[in-house]
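What the coordinates show
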Amino acid sequence: MRLGTRLALGLGVLSLAVFAVVGTALTAYMRDYLEQQLGDQLKLIQTVQAKDAAAHGTVRRKPYYGWYTAVYDVSGDSVALRRPADVPDDTRPLSELARAMARSDTELMRTARIDGEGTYRLRGCEVEPGVVLVSAAPVEDVEKTVERLVTVQVVVFALALTALVVFGRRMLRRGLKPLSDMAHTAHGITSHDLTEAAARLPLRADGRDGGREVAELRSAFNTMLEHIDDSLAVRAEAELRLRRFVADASHELRTPLMSVRGYADLFQYAAANEPAEREKHLARLRAEAARMGILLDDLLLLARLDAEEVEAPLRTADTDLTELVQQAADAFRAGRPTHPLTVTARATGPLVLRLDPQRIRQVLDNLLANAAVHTPPGTPVSVELDATAGTVLVRVADAGPGIPADHRDRVFDRFYRVDKARTRDRGGSGLGLAVARSLVRAHGGDIGLTSRPGATVFTVRLPYRGLTEV
C-alpha cells in the first residue's frame, strides 16, 4: 500500500476505536439515566399507592398501562397476596421482593424477569408493619430507547468514519504530493546515464507545499543532488586528466623509445665497420636512456606522493634553508651564465627547518631552471628568502614575458607546457612544476604563482615545524 492509503486506514482504525469508546460510554450513561428516571417514577407513584393501600387495604387506583401493583401480608417467611390485585400470572419476582422488603429497613429496588411479560423494574415499600407494597414497571421502553440510540450511533459513526477515511485520504494525498514529486524526481535520476564523462543531474525537487518538514526534506534532497553533481564533475575531471596523463606519458615515453630503437638499428648495421660511429651511437643511446630514466623517476615520485596510503618518500633532517638556497643559486650560475641571478635573504641568520634537503633542493632547481628555459638570455632572475609568522617564504622571480592568464591555472598540471612548440630537449617533459608542487605539499606547505609581463613570481610557503633562528 501507498503511504497515504496506510495513513488513511490507520486514521480510520483510530477513529473507529474512539467512536466505540464514545458510543459505549454514551449508551451506558443513557441507560443509567433512563433507569433512574424509571425508578423516580416508581417512587412517586408508590407514594400515592401506599396511601391508597393504607386506606382500603388494596390499591384501587390503576397504574400506567402494563404496570403492576400488589400488596402483600408478610409474616416470617410467609407471603400472602391481598385480593383484588393487578398482577401478572408469574408473581414469584414480586413475592420474593416483598419477602426481602420485610427484612430490610430501607426501600428495595431490583430488575427481574417476569415469565410471559418480560423484564420489569420492581420497587417495594412498607405500608405498615407486616404489609408491603410492590410495584413493577416494564423496562421495554428503556431497552427500545437504548437500542434506537445504538442504531443511530452506528449509522452516524459509520457515515462519519467513511467520510473521514475518504476525505482524509484525499487530504493526505495532497499533503504527500511533494514527497511523490521527489520520488518522481528520484526515478528520473535513476533513468539518467551517470556513466557519461560530463554527467550532470538536470532534475531538482521544487515546490512550496507540504509544510516545514517537507521543505527541509526537499532542501536536503536538493543538497544531496548538488553534492552528487559535484562528485560526478570531479570524477569526470579526474577521468579526463587521467586520460590526458596516460596519453602524455605514452607520448613522452614513445619518443626516447623510438630514439633507442633507431640508434640500436644503426649500431647493428654500421657500428661494426666504423668504431667512431659506434661510440657516437652508444653515447646517444645512453643519453636517451638517461632521459627516459629521469622521466620514469618523476612519474614514480608523483605516484608515491599522490598515494595517501603510502608514506611520503621524504628523509627529513634539520637543514639550513639559507644555505640550501645559496647552493641552488651557485649551481644555477654555473649552469646558466646567461641569466644574472640575485639572492636576497631577509632573515638575520640561518633558518633551520625540519625538511628533506634533497627534495627541497629539487624544488629550487626546478623553479630556477623553469625561469631560465622560459625567458630569453640576459633576463634577470632573483631568489628572495623571508621568514614571517609561522611561515618561511621562498620567492623565485624572473623579469621575462610572463605567463598568459589562460595558462596560469594549468602550469602545475602534469605534462603541461605553455609553449607547445618548444622542444623537449629545452622545455623538459612538463613534470617539473607538478613535481615541485607535490614535494612542497608533502612538506605541509604550498606553492603559488603570480605573473604579469616583466614579473613572474613562484612563491614557496613552508610551515615553521621547528623553525629556529640562530
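Residues numbered from 1 in each chain as written. Predicted model: local features only at pLDDT ≥ 70, side-chain atom pairs only at ≥ 80, totals over all residues. Heavy atoms only, no water.

A few words on the sheet that holds strand β2 (residues 78-81). Reading across from one edge, β2-β1-β5-β4-β3 is the order of the five strands in this open sheet, with antiparallel pairing throughout. Two strands close off the open sheet at either side, each with one partner strand: β2 and β3 (108-114). Within the sheet, the average angular offset between the axes of one strand and its neighbour, ignoring direction, is 35°. Of the pairings in the sheet, the one linking strand β4 (residues 118-128) to strand β5 (residues 131-138) comprises eight bridges and is antiparallel in character. Counterpart to C125 in the pairing with β5 is L133. (Pairing = 2+ DSSP bridges. Helix = DSSP H or I, 4+ residues; strand = E, 2+ residues; numbered from the N terminus. Axes fitted to C-alpha atoms, helices over the stretch in contact; angles between N-to-C directions.)

Here we come to the sheet that holds strand β9 (residues 381-388). As summarised here, the arrangement of the five strands in space is β7-β9-β10-β12-β11, forming an open sheet in which the pairing is mixed. Lying at the two open borders of the sheet, with one neighbouring strand each, are β7 (341-345) and β11 (446-452). Within the sheet, the average angular offset between the axes of one strand and its neighbour, ignoring direction, is 15°. Two elements, strand β10 (residues 391-398) and strand β12 (residues 455-463), share eight bridges in a ladder whose sense is antiparallel. Residue pairing across strands places L393 opposite R461, the latter belonging to β12. Strands β7, β9, β10, β11 and β12 of the sheet are contacted by helix α8 (residues 357-373), whose axis makes an angle of about 175° with β12. (Contact = heavy atoms within 4.5 Å.)

Summarising the element assignment, T375 is placed in the loop between α8 and β9. Polar contacts involving the side chain of T375 include one to the side chain of H339, which spans 3.1 Å. A polar atom in the side chain of T375 sits 2.5 Å from the backbone oxygen of A371. In contact with T375, other than residues within four places in its own chain, are H339, D398, G400 and P401. (Polar contact = N/O pair within 3.5 Å; in protein donor to acceptor, adjacent residues only side chain to side chain.)

Another point: the nonpolar core. Membership of the largest hydrophobic core comes to 40 residues, with the highest contact counts inside it found for L321, L367, L368, V460 and L462. Mapped by element, the contributors of at least two residues to this core are α6 (275-306), α7 (321-335), β8 (351-355), α8, β9, β10, α11 (432-442) and β12. By residue number, the principal contributor to this core is α8, which donates seven residues. Not counting residues up to four positions away in its chain, the partners in contact with L321 are L351, L353, L355, I360, L385, V392, V394 and L462. The next biggest cluster of nonpolar side chains, apart from the first, holds 16 residues, and it includes L97, A98, Y120 and A136. (Core = buried A, V, L, I, M, F, W, Y, C linked by side-chain atoms within 4.5 Å. Buried < 20%, exposed > 50% of the residue type's maximum accessible area, 1.4 Å probe, protein only.)

Averaged over all residues, the pLDDT of the protein equals 80, while 81% of them reach at least 70. Considering only residues more than four positions removed or in separate chains, one finds that residues 421-427, a stretch of pLDDT under 50, has eleven contacts. In the model, residues 466-470 has pLDDT below 50 throughout and makes 14 contacts with residues more than four positions away in sequence or in other chains. (pLDDT = per-residue confidence, 0-100.)

The next thing to look at is helix α2 (residues 92-102). Every buried residue of α2 is listed here: P93, L94, S95, L97, A98 and M101. On its buried face, α2 sits against β1 (68-75), β2, β3, β4 and β5.

Next up on the list: the UniProt feature "transmembrane region" (unreviewed entry) in the protein. Per the UniProt annotation, the sites labelled "transmembrane region" (unreviewed entry) are residues 149-167. Helix makes up 100% of residues 149-167 and strand makes up 0%, while its end C-alpha atoms are separated by 26 Å. (UniProt positions renumbered as here; feature names shortened; annotations may be inferred.)

Estimates place the volume of the second largest pocket at around 320 Å³. Around the second largest pocket, the lining is made up of 16 residues, and of these L38, P138, E140, D141 and V142 lie nearest the centre. For the lining of the second largest pocket, the secondary structure elements donating two or more residues are α1 (3-56), β4 and α3 (140-175). In terms of residue count, α3 provides more of the lining of the second largest pocket than any other element does, five residues in total. For the lining of the second largest pocket, the per-class residue count stands at seven nonpolar, five polar and four charged. (1 Å grid on protein atoms, 1.4 Å probe; cavity = no way out; pocket = protein on both sides within 12 Å on 5 of 7 lines; lining within 4 Å. Points joined across faces, edges and corners; volume = space filled by probe spheres on them. Nonpolar A, V, L, I, M, F, W, Y, C, P; charged D, E, K, R; others polar.)

Okay, unusual backbone geometry next. For the bond from R83 to P84, the omega torsion is -5°, close enough to zero to count as cis. By secondary structure assignment, the location of P84 is in the loop between β2 and α2.

As a further point, take a nonpolar patch on the surface. On the surface, L14, V18 and V22 cluster together into a nonpolar patch covering about 260 Å² of accessible area. By relative accessible area, V18 is classed as partly exposed at 43%. (Patch = residues over 30% accessible without salt bridge, like charges linked within 9 Å, V, L, I, M, F, W, Y side chains within 5 Å. Areas by Shrake-Rupley, 256 points an atom, 1.4 Å probe, with all protein chains shown as cover. Salt bridge = Lys/Arg side-chain N within 4 Å of Asp/Glu carboxyl O.)

Here the focus is the packing of α7 against α8. Running from N to C, α7 and α8 point in directions that differ by 40°, and their axes come no closer than 10 Å. Considering their axes alone, α7 and α8 lie oblique with respect to each other. The way α7 lies across α8 gives a crossing that is right-handed. Contact with α7, carried on its side by L321, L324, V325, Q327, A328, A329, A331 and F332, involves P357, I360, R361, L364, D365, L368 and A372 of α8 and no other residues of that element. (Parallel < 35°, antiparallel > 145°, perpendicular 65-115°, else oblique. Left-handed = near helix turned anticlockwise from the far one by under 90°.)

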